Amino acid sequence: MCKVGFLFSIFPLVKRIHLILFSSGFAWLCNAQTSDLPNIIDYTGKVNYGYQAKENRDIDIIVIHSSYYVNPDSFLVSGVMKQYKQYGVSPHYIIDREGNIYLTVAEKNIAFHAGSGKLPGTDRTAINANSIGIEILTTPTNPPTEAELNALVSLVKDIKARHPIEHLVRHSDIAPNRKTDPWAFPWEQFLQMAD
Ligand SMILES: [Zn+2]
């Protein structure tokens, strides 16, 4: 429920047109009150690799991945992005250990995050074309932090509200012979939280 409207009810004599203009100017306040999505940091300007620009595409898959920086071992976002650039890959989003969400490729574009694979229960192999890829930062022995997991849940719920998501999968689900990520990840708990 947006509380901004209440402010205007105590000014009954304000001209109607002023009220409409004023209300629309505060629409963002209502949105801020009804969404628990953490602030998204726009890193799209830093990424000129690992994606193909598109104007229209259908999105019905979310793929969860994890990464860490290997030289030296750390959870630096700039480090994992350096690795992605090296391989010409990128997710749409990266979530760090503090729960900050970075947008690295706009959702409308195809990000190269899945590689070859097959969607379980289907014959679909063009996973990148119809998916959003999210990288969290974990290692095989370091599960996600609470802030990281909560941010992922919020982001996935937000994406589900905007796209008809039919498949929420791990990278290891679509490429079981090749990939083991997301590592140390409480998948069943996450599915319940993101439902
Ligand atoms: Zn992956």
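A word on the overall build of the protein chain
Inference 1: Helices and strands together make up the secondary structure of the protein chain, namely seven helices and ten strands.
Inference 2: The buried share among the 195 residues of the protein chain stands at 41%.
Inference 3: Sequence separation of 24 or more characterises 71% of the internal contacts of the protein chain that already satisfy a separation of 6 or more.
Inference 4: Per element, the accessible surface of the protein chain, about 11,100 Å² overall, is 55% carbon and sulfur.

Section: the confidence of the model for the protein chain
Inference 1: Per-residue pLDDT for the protein chain has a mean of 87; in total, 82% of the residues score no lower than 70.
Inference 2: Every residue in residues 1-34 is under pLDDT 50, and counting partners more than four places away or in other chains gives twelve contacts.

Looking at the coordination of the zinc ion
Inference 1: Only His65 (ND1), His171 (ND1) and Asp181 (OD) from the protein reach the zinc ion as donors, at distances of 2.0 to 2.2 Å.
Inference 2: Read in sequence order, the donor residues for the zinc ion give the motif H-x105-H-x9-D. You can see His65 sitting in strand β3 (residues 61-67) and its partner His171 sitting in helix α6 (residues 171-174), a full 106 residues away along the chain. Grouping residues by exposure puts His65 and His171 together as buried.

Quick notes on the sheet that holds strand β1 (residues 40-42)
Inference 1: Spatially, six strands are ordered β1-β7-β6-β9-β3-β10 in an open sheet, and the strand pairing comes out mixed. With partners counted over all chains shown, the strands left at the sheet margins are β1 and β10 (167-170), one partner each. Mean inter-strand twist for the sheet, computed between neighbouring axes without regard to direction, equals 25 degrees.
Inference 2: Of the strand pairs in this sheet, β3 and strand β9 (residues 131-137) are connected by seven bridges, and their pairing is parallel. Counterpart to Ser66 in the pairing with β9 is Ile136.
Inference 3: Those strands touched by helix α4 (residues 77-87) are β3, β6 (93-95), β7 (101-103) and β9, and its axis lies near 145 degrees from that of β6.
Inference 4: Helix α5 (residues 146-162) rests against β1, β3, β6, β7, β9 and β10 of the sheet, and its axis sits at about 170 degrees to β9.

A closer look at the pairing of β3
Inference 1: Across the seven residues that make up β3, a large majority, seven, are buried.
Inference 2: Side chains Ile61, Val63, His65 and Ser67 of β3 all project onto a buried face; the interleaved residues Ile62, Ile64 and Ser66 project onto the opposite face, where all are buried too.
Inference 3: Sheet topology note: the β3/β10 ladder contains four bridges and is parallel. What sits directly across from Ile61, in β10, is His167.

Re helix α7 (residues 187-194)
An α-helical turn contains 3.6 residues, so a residue and the one three or four places further along point in the same direction.
Inference 1: Within the sequence span of α7, burial applies to Trp187, Phe190 and Ala194. Considered in projection along α7, the buried side chains sweep an arc of 60 degrees and stay on one side of the axis. Exposed and facing more than 90 degrees away from the buried side of α7 are Glu188 and Gln192.
Inference 2: Those residues of α7 that are buried are in contact with β3, α5, β10 and α6.

Points about the side chain of His92
Inference 1: By the secondary structure assignment, His92 is in the loop between α4 and β6.
Inference 2: Judged by relative accessible area, His92 falls into the buried class, the value being 0%.
Inference 3: There is a polar contact of 3.2 Å between the side chain of His92 and the side chain of Arg57.

Each value, and the rule that gives it
Residues numbered from 1 in each chain as written. Predicted model: local features only at pLDDT ≥ 70, side-chain atom pairs only at ≥ 80, totals over all residues. Heavy atoms only, no water. Helix = DSSP H or I, 4+ residues; strand = E, 2+ residues; numbered from the N terminus. Buried < 20%, exposed > 50% of the residue type's maximum accessible area, 1.4 Å probe, protein only. Contact = heavy atoms within 4.5 Å. Areas by Shrake-Rupley, 256 points an atom, 1.4 Å probe, with all protein chains shown as cover. pLDDT = per-residue confidence, 0-100. Donors = N, O, S within 2.8 Å, 3.2 Å for Na, K, Ca; no water. Pairing = 2+ DSSP bridges. Axes fitted to C-alpha atoms, helices over the stretch in contact; angles between N-to-C directions. Arc of directions from axis to C-beta. Polar contact = N/O pair within 3.5 Å; in protein donor to acceptor, adjacent residues only side chain to side chain.

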